Amino acid sequence: TSLTDVTGVQTCALPIYALAVKCWPEFHGDYGTPACAAIGMSNSKLPAAAEGDVYGTVTMLMQRYITGEIPFFSDFIYSDTEKNTGIFWHCGCGSMELAGDKSEIILDNFPGKVKGAPEKGCVMTFQIYAENKRATVNQFGTGCDGNFRMLDITGKNIKYDKVIRGNYCQLKFDNTVEAIRKEILDNGFGHHYSLVLQDISDVMAEIAFWKNFKLYHV
């Protein structure tokens, strides 16, 4: 499937399907292994969010249609006020196509534990990094009023000097960490985000305008 997005850019090889996999804790508890690696492999072809997050899947699909790039479904787990950076991470559902150095991909155990389930589990550990790449973090969903909204955060992908089990990506934000944290907390945005290595903030603003949902750009 091909598509011309609202910027006039022709994209190609776009998926017409997407998945929201209810993986945690059911897969680990019921089947003795997480679904992380399988979701990661799916993400190389079509967007697949973890933990049954349908809105996360929609966000990923939007980013994929706009950019033609593979998005990264993640949690915002850490921020550094002095460096104005943040870490986006997930247990292993990222596409290996996003790995900054494919020679450093590690087949690893699952980082979490489920009572009664084995501690082992097939996940891929790697850093998502591409030198001098811009990045956009979005979260599409509904607010407490039930209306659709979109969170939009931009920054630059920079290399992280530590190894975290799972998939991780560090950004140096355009806005301040304090402003970003305040926007997220004050407006009750959840912990799941979709990150794509391209600046699509203007496109998201255009979509929000035409679809009449509120844009939180920070």
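The structure presented is a predicted model; accordingly, all values stated were derived computationally and were not measured.

Caption draft 1: View of the pattern of salt bridges. The final tally for this structure, using the stated rule, is 6 salt bridges. A salt bridge links Asp 199 to Arg 134, with the shortest nitrogen-to-oxygen separation between them at 2.8 Å. Here the residue Asp 199 occupies a position in the loop between β12 (192-196) and α5 (201-211), and Arg 134 occupies one in strand β9 (residues 134-142), the gap between them amounting to 65 residues. By sharing partners, the salt bridges in this structure join Arg 134, Asp 174 and Asp 199 into a single network.

Caption draft 2: Layout of the pairing of strand β6 (residues 85-90). The buried count for β6 comes to 6 of 6 residues, which makes it a mostly enclosed element. Residues Thr 85, Ile 87 and Trp 89 of β6 are buried on one face, and the alternating residues Gly 86, Phe 88 and His 90, pointing to the opposite face, are buried as well. Inspection of the sheet shows strand β5 (residues 72-80) paired to β6 by 5 bridges, in the antiparallel sense. The residue bridging Tyr 78 from the neighbouring strand is Ile 87, located in β6. The antiparallel hairpin formed by β5 and β6 contains 4 residues in its connecting segment, where Asn 84 sits at a positive phi of about 60 degrees. Two elements, β6 and strand β11 (residues 167-173), share 6 bridges in a ladder whose sense is antiparallel. Within the sheet, the bridge partner assigned to Ile 87 lies in β11 and is Gln 170.

Caption draft 3: Looking closely at the pairing of strand β10 (residues 148-158). When you tally the buried positions in β10, you get 8 out of 11 residues, the bulk of the element. For β9 and β10, the ladder comprises 9 bridges, and the chain directions are antiparallel. Paired with Val 137 across the two strands is Ile 153, which belongs to β10. Two successive antiparallel strands, β9 and β10, enclose a turn made up of 5 residues, where Gly 146 displays a positive phi of approximately 85 degrees. Bridge count for β10 against strand β13 (residues 214-217) is 4 bridges, and the pairing is parallel. Following the sheet pairing, Arg 149 is matched in β13 by Lys 214.

Caption draft 4: Here's a closer look at the environment of Ala 99. With respect to the helices, strands and loops of the structure, Ala 99 is situated in the loop between β6 and β7 (106-108). Dropping the residues within four chain positions of it, Ala 99 is found in contact with Ile 105, Phe 126 and Gln 127.

Caption draft 5: View of helix α3 (residues 54-67). Compared with the 20 Å implied by 1.5 Å per residue over 14 residues, the 20 Å span of α3 between its first and last C-alpha is a close match. Burial in α3 covers these residues: Gly 56, Thr 57, Thr 59, Met 60, Met 62, Gln 63, Arg 64, Ile 66 and Thr 67. Its side-chain oxygen placed 3.2 Å from the backbone nitrogen of Tyr 55, Asp 53 serves as the N-cap of α3. Gly 68 lies just past α3 and shows a positive phi near 80 degrees.

Conventions we followed
- Residues numbered from 1 in each chain as written.
- Predicted model: local features only at pLDDT ≥ 70, side-chain atom pairs only at ≥ 80, totals over all residues.
- Heavy atoms only, no water.
- Salt bridge = Lys/Arg side-chain N within 4 Å of Asp/Glu carboxyl O.
- Helix = DSSP H or I, 4+ residues; strand = E, 2+ residues; numbered from the N terminus.
- Buried < 20%, exposed > 50% of the residue type's maximum accessible area, 1.4 Å probe, protein only.
- Pairing = 2+ DSSP bridges.
- Contact = heavy atoms within 4.5 Å.
- Expected span 1.5 Å × (residues − 1).
- Polar contact = N/O pair within 3.5 Å; in protein donor to acceptor, adjacent residues only side chain to side chain.

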